[in-house]
Structure formats: structure tokens, C-alpha cells
Amino acid sequence: DGNEIEFIYQGDIFVVNSEGGKEVQLTSNSAYDYNGIWSPDGKTISFSSNRHGNFDVFLMNAEGGAPKRLTYHSSNDVPQDFSPKGDKIIFGARRLDDVKSVQFPYAGLEELYEVPVSGGREKQLLTVASENAQFNADGTKILFHNRKGYEDPWRKHHTSSVTRDIVLYD
């Protein structure tokens, strides 16, 4: 709802009122926690953490508490958005390219997956390399950047065959 801001400082997750004030530290461990995203109801935060070696998707109460691990694959998993109902999280991971890929099968680009917030088996949604994925309000479409290769995100007005496009997936 915009009343609080979640941020990362030195690998831990903090929350602060959007009008200022004292921050509240939600995680404190030797691992690196990052890329926090809010659930639609603002009650939970999903984030990526390497507390078990590689980065996995975790879920925790927005007021703190023990995080729940949702993914267990050896790839690095990074959450991108909650479904509008808040029952699933979509995340990027480099796991399994489709051999029929129009681009080419390449292990350096992330595919898009989903996992239920209750836990359970992950499901691949897209084999197209995608990042910054976001659902529309009713969950029927996903907006994302398609990543075609290396592009320096700090290089402004870059134009080439690897320049990212914004794609609306139905």
C-alpha cells in the first residue's frame, strides 16, 4: 500500500515507514538476502537468500519471524512478483532451456518459474529468457523484459541485437 519500504543493507532485509522513522531489521544472518518483494496484501515478503549455498526463494512475515524456504534447486532462484491472489511467486532461474528454443539453448539466461507460497513443486512458465516479470491485475498476463544476451544495464540508449524489449505475455 506504499506505507512501508523494504530495502536491503549489507545483505539483510529492513523495513521503514515511507514517511521516515526508525528502520526495523527483519533478517540477521551470515547469508546474503536480497531482492525482496511484497505480497499483494502487504503481509509477507519474498526474497532470495544464499543461506543454504545457492540462492533460493524464501517467504517471511512482513513484521519479522522465521523465513520459510520455498525452492530447493541448485540453481540461483530470484523472486520477481507475487500472483495477484498472493498464492504463488514467480521467479527467475537458470535451470532448463527448451532445446527447441528459437534463440538457442544457453544456460546463462533465466527462465521463468512459479512456486506456491504454501510450498511444493515448482513449475516452469516460460523458457524465454525473462527478467523483471510482473503480473497484470487479474493475473492473465505477464509483462517482462526479454533478455537476449549480455547488455550492460547502465549503458543508456543502447541499441543492438541484444537490447531488451518489453514483452506482454498472455
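Rules used in this analysis
- Here the residue index of a chain counts from 1 through its sequence in written order.
- Residues qualify for local features only when their pLDDT is at least 70, as the model is predicted, and side-chain atom pairs are given and counted only at 80 or more; totals for whole chains, interfaces and linings, by contrast, use all residues.
- Each side-chain value is derived from all of the structure's non-hydrogen atoms; neither hydrogens nor water enter the calculation.
- The patch calculation keeps residues exceeding 30% relative accessible area without a salt bridge and links them within 9 Å when they carry like charges or within 5 Å when they are nonpolar (Val, Leu, Ile, Met, Phe, Trp, Tyr).
- Method for areas: the Shrake-Rupley scheme with a 1.4 Å probe, in which residue coverage is limited to the protein chains shown.
- Note on definitions: salt bridges are taken to be side-chain nitrogens of Lys or Arg within 4 Å of carboxyl oxygens of Asp or Glu.
- What counts as a helix is a DSSP run of H or I of at least four residues, what counts as a strand is a run of E of at least two, and both are numbered from the N terminus.
- Definitions used for this entry: grid spacing 1 Å over protein atoms alone; cavity, a set of points where a 1.4 Å probe fits but cannot get out; pocket, an open set with protein on both sides within 12 Å along at least 5 of 7 lines; lining residue, one with an atom within 4 Å of a point.
- Grid points are joined across faces, edges and corners, and a volume is the space filled by probe spheres set on the points.
- Each residue gets one of three labels, nonpolar for Ala, Val, Leu, Ile, Met, Phe, Trp, Tyr, Cys and Pro, charged for Asp, Glu, Lys and Arg, and polar for the others, Gly among them.
- Geometry of aromatic contacts follows a simple scheme: Phe, Tyr and Trp rings, the Trp one being its six-membered ring, pair when their centres are within 6.5 Å, and the pair is stacked under 30 degrees between planes, edge-to-face over 60, tilted otherwise.
- A 1.4 Å probe rolled over the protein chains alone gives each residue an accessible area, and that area as a share of the maximum for its type sets the label: buried under 20%, exposed over 50%, partly exposed in between.
- Charges are assigned to positions over rings by a cutoff of 6 Å between ring centre and Lys NZ or Arg CZ, combined with an angular limit of 35 degrees from the ring normal.
- To form a nonpolar core, buried Ala, Val, Leu, Ile, Met, Phe, Trp, Tyr and Cys residues must be joined to one another through side-chain atoms within 4.5 Å.
- Any two residues whose heavy atoms approach within 4.5 Å at even a single point are treated as in contact.
- Polar contacts, as counted here, are pairs of nitrogen or oxygen atoms within 3.5 Å of one another; within protein the pair requires one atom able to donate a hydrogen and one able to accept it, and residues that are adjacent in sequence qualify only if both atoms are side-chain atoms.

So, a nonpolar patch on the surface
Working step 1: A cluster of nonpolar side chains, namely Leu-143, Ile-166 and Leu-168, defines an oily patch on the protein surface of about 310 Å² accessible area.
Working step 2: Within the fold, Leu-168 resides in strand β14 (residues 165–169).

Remarks on the layout of surface pockets
Working step 1: Taken as a whole, the largest pocket encloses approximately 240 Å³ of empty space.
Working step 2: Taken together, 15 residues line the largest pocket, and the ones lying closest to its centre are Ser-83, Lys-88, Glu-114, Phe-135 and Gly-139.
Working step 3: A per-class count over the lining of the largest pocket returns five nonpolar, three polar and seven charged.
Working step 4: Of the voids in this model, the second largest pocket is the one considered here, and its volume is about 170 Å³.
Working step 5: Taken together, Tyr-34, Asn-35, Val-78, Arg-94, Glu-110, Ser-130, Glu-131 and Arg-147 form the lining of the second largest pocket.
Working step 6: Every element with two or more residues in the lining of the second largest pocket is listed here: β4 (33–38) and β12 (130–135).
Working step 7: Among the residues making up the lining of the second largest pocket, the classes are represented as two nonpolar, two polar and four charged.

Some thoughts on unusual backbone geometry
Working step 1: In this model, Gln-10 sits at a positive phi of 50°, which is unusual for a non-glycine residue.
Working step 2: Tracing the backbone through its elements, the reader meets Gln-10 in the loop between β1 (4–9) and β2 (12–17).
Working step 3: Despite not being glycine, Asn-132 shows a phi value in the positive range, around 55°.
Working step 4: Take Asn-132: it is sitting in strand β12.

A word on the packing of aromatic side chains
Working step 1: A full pass over the atoms with the stated rule returns six aromatic pairs.
Working step 2: Centre to centre, the rings of Tyr-9 and Phe-14 are 6.2 Å apart; their planes meet at 65°, and the pair counts as edge-to-face.
Working step 3: Note on Phe-14: relative accessible area 9%, which makes it buried.
Working step 4: Between Tyr-32 and Tyr-34, the ring centres sit 5.8 Å apart and the planes meet at 40°, which makes this aromatic pair tilted.
Working step 5: A residue is classified by how much of its surface remains accessible, and Tyr-32, at 40% relative accessible area, is partly exposed.
Working step 6: Cluster of aromatic residues (ring-pair linked, three or more members): Phe-7, Tyr-9 and Phe-14.
Working step 7: One cation-aromatic arrangement involves Arg-51 over Phe-58; the distance from NZ or CZ to the ring centre is 5.1 Å.
Working step 8: The aromatic ring of Tyr-113 is capped on one face by Arg-95, whose charged end is 5.0 Å from the ring centroid.

Examining the nonpolar core
Working step 1: Ile-37, Val-57, Leu-59, Leu-70, Phe-82, Ile-89, Phe-91, Ala-93, Tyr-113, Val-115 and Val-117 form the largest nonpolar core, which has 11 residues in total.
Working step 2: Contributions of two or more residues to this core are made by β6 (54–61), β9 (88–93) and β10 (111–116).
Working step 3: Top element by residues in this core is β9. It accounts for three residues.
Working step 4: If near-sequence neighbours (up to four positions away) are discounted, Leu-70 is found in contact with Val-57, Phe-58, Leu-59, Ile-89, Val-115, Pro-116, Val-117, Gly-119, Gly-120 and Glu-122.
Working step 5: In terms of nonpolar packing, the next biggest core, distinct from the first, is built from eight residues, Ile-13, Val-15, Leu-26 and Ile-45 among them.

A short note on the side chain of Ser-46
Working step 1: Assignment of secondary structure puts Ser-46 in strand β5 (residues 44–52).
Working step 2: Accessibility expressed as a relative area gives 0% for Ser-46, which makes it buried.
Working step 3: Within polar-contact distance, the side chain of Ser-46 engages the backbone oxygen of Phe-58 at 3.0 Å.
Working step 4: Leaving out residues up to four positions away in the same chain, Ser-46 has contacts with Asn-35, Gly-36, Ile-37, Val-57, Phe-58, Leu-59, Pro-79, Phe-82 and Ile-89.

From the geometry alone we can't say anything about function, so treat these as descriptive.
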